[in-house]
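# Examining the three-dimensional arrangement
So you can see what is in the structure, the chains are spelled out below.
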Amino acid sequence: MTLTPGPAALPPSVLQPYANARLLLTIHQLPGRFDSPRLGRMVCEAFLKRGRMVGESSSGLGIDSGDFLYSGYLCRSALLDAEPSNPWDWLTAGIAWSEVGFRPLLADGRCCEAPAQGAIWLGSLAALQSPGVLPPTGRGKLAGLTVTEFAGPFGAGGIGSLMQPLLGERLELVLKPNRIALVQPGDTLLSLAERYGTTPETLRSLNSDISANTVITTAAGDTLNSLAQLHGTTVSWLRDQPENAWLLRPEGHTVAAGDTLTSVAQLYGTTRSTLRKLNPTYADYREWPGDAPLPLGEVLNLFAIRPSDILLAGESLLVPLYRPSTPLPAGSWLFLPRRRAAASASPEPDL
């Protein structure tokens, strides 16, 4: 774990003796886009006060019904490596704090911006240990969170600008109960997905630590369907990876008289949605409905290989590193999606 070096002595924060939470926030290239590249992680301590529970009418971006509103002040902070060497490194008792009351800056001058996602330990900070481990949870709480605003009420002058250096940047956040799973010995993506009513693919999308990919070599009898099932992903994901460009039909399809998106999709065992994705010219279904004749002689991009076709043995294919049956590191933790009500059984229209 690499910590941001701090000055020899830092002025104490007025609220530091009353800090009641340790926060871990991920810093992404695009704030709020948690699937964008992760640039680093910020750990901070804060003095927080709990507000009301969020109802259905107050939910919004990053805020769900059942969350709890919190507000407070940032007491001190530091930067951690983008990839953790220990899943609990942010709960290490002895961290070299680099900033008092403010967010630390990355090498390019940026800092953690809202909305930011992460985890929170809400409880006595005296219970933290070195090296970092999860303290006994009897008198503390581990939960997910989303910071919705940093330093919002402070302007360029007035009382706010005088208070901020003393109290630290103001935080507005929502605490998300039951959105973190502790990995037990023998747990896999599949067992966790079944336990919490989600999918391995969703767990990967929420946890960059387990979203790494690897390259395999296709074997005799492999199909896109079988490989997608084996690696806990979808045929669409396999096709979307630039490294798997050989799945695209190089010569495409030359439009003949009477061809439509519907007829071409049926001819090659795909869908109109996939054709629109591969051919942005026809992405607007209002301009190009499925039964509209296509321009004669136009060359359409499409996949050469159907999901059930036997693949050539010896081809390189990018797949997720963690299979659904791969045991996960015991003692680590994962973000979980929000539990939602059962969706309608009506299929999404293929536009």
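Heads up: the structure comes first, above all this text.
Residues numbered from 1 in each chain as written. Predicted model: local features only at pLDDT ≥ 70, side-chain atom pairs only at ≥ 80, totals over all residues. Heavy atoms only, no water.

## Section: the environment of His28
- With respect to the helices and strands, His28 occurs in strand S1 (residues 21-28).
- A sequence separation of 84 residues divides His28 from Cys112, and the C-alpha atoms of the two residues are 7.9 Å apart.
- Setting aside chain neighbours within four positions, we find His28 in contact with Arg33, Phe34, Ser36, Pro37, Arg38 and Leu39.
- Looking at His28, its side chain comes within polar contact range of the side chain of Thr26, at 3.1 Å. (Helix = DSSP H or I, 4+ residues; strand = E, 2+ residues; numbered from the N terminus. Contact = heavy atoms within 4.5 Å. Polar contact = N/O pair within 3.5 Å; in protein donor to acceptor, adjacent residues only side chain to side chain.)

## Section: the packing of aromatic side chains
- Under the counting rule described, the total for this entry stands at four aromatic pairs.
- When the ring of Trp88 is compared with that of Trp333, the centres are 6.2 Å apart and the planes differ by 35°; the resulting orientation is tilted. Taken together, the residues Trp88 in the loop between strand S3 (68-80) and strand S4 (99-100) and Trp333 in strand S13 (residues 333-335) connect sequence positions 245 residues apart.
- On the basis of relative accessible area, Trp88 is assigned to the buried category, the value being 7%. (Phe/Tyr/Trp six-rings, centres within 6.5 Å; stacked < 30°, edge-to-face > 60°. Buried < 20%, exposed > 50% of the residue type's maximum accessible area, 1.4 Å probe, protein only.)

## Focus on empty space enclosed by the protein
- For the structure on display, the rule yields two cavities of 30 Å³ or more.
- Around the largest cavity, the lining comprises 13 residues; the ones closest to its centre are Ile27, His28, Pro31, Cys111 and Glu113.
- The dominant element in the lining of the largest cavity, judged by the number of residues it contributes, is S1, at three residues.
- Looking at the lining of the largest cavity residue by residue, the class counts come to seven nonpolar, four polar and two charged.
- Its residues assigned to classes, the lining of the second largest cavity shows four nonpolar, one polar and two charged. (1 Å grid on protein atoms, 1.4 Å probe; cavity = no way out; pocket = protein on both sides within 12 Å on 5 of 7 lines; lining within 4 Å. Points joined across faces, edges and corners; volume = space filled by probe spheres on them. Nonpolar A, V, L, I, M, F, W, Y, C, P; charged D, E, K, R; others polar.)

## Examining the layout of surface pockets
- When its volume is computed, the largest pocket comes out at roughly 510 Å³.
- Together, 27 residues line the largest pocket, and Arg38, Asn207, Ser208, Asp209 and Trp333 are the ones closest to its centre.
- At the level of elements, S1, strand S2 (38-53), helix H3 (200-206) and S13 are the ones that each hand at least two residues to the lining of the largest pocket.
- Of the residues belonging to the lining of the largest pocket, the class tally is 13 nonpolar, nine polar and five charged.

## Describing the pattern of salt bridges
- Using the criterion set out here, one finds ten salt bridges in the structure.
- Among the charged side chains, a network of salt bridges with common partners joins Arg22, Glu45 and Arg76. (Salt bridge = Lys/Arg side-chain N within 4 Å of Asp/Glu carboxyl O.)

What is shown is where atoms sit, not what they do.
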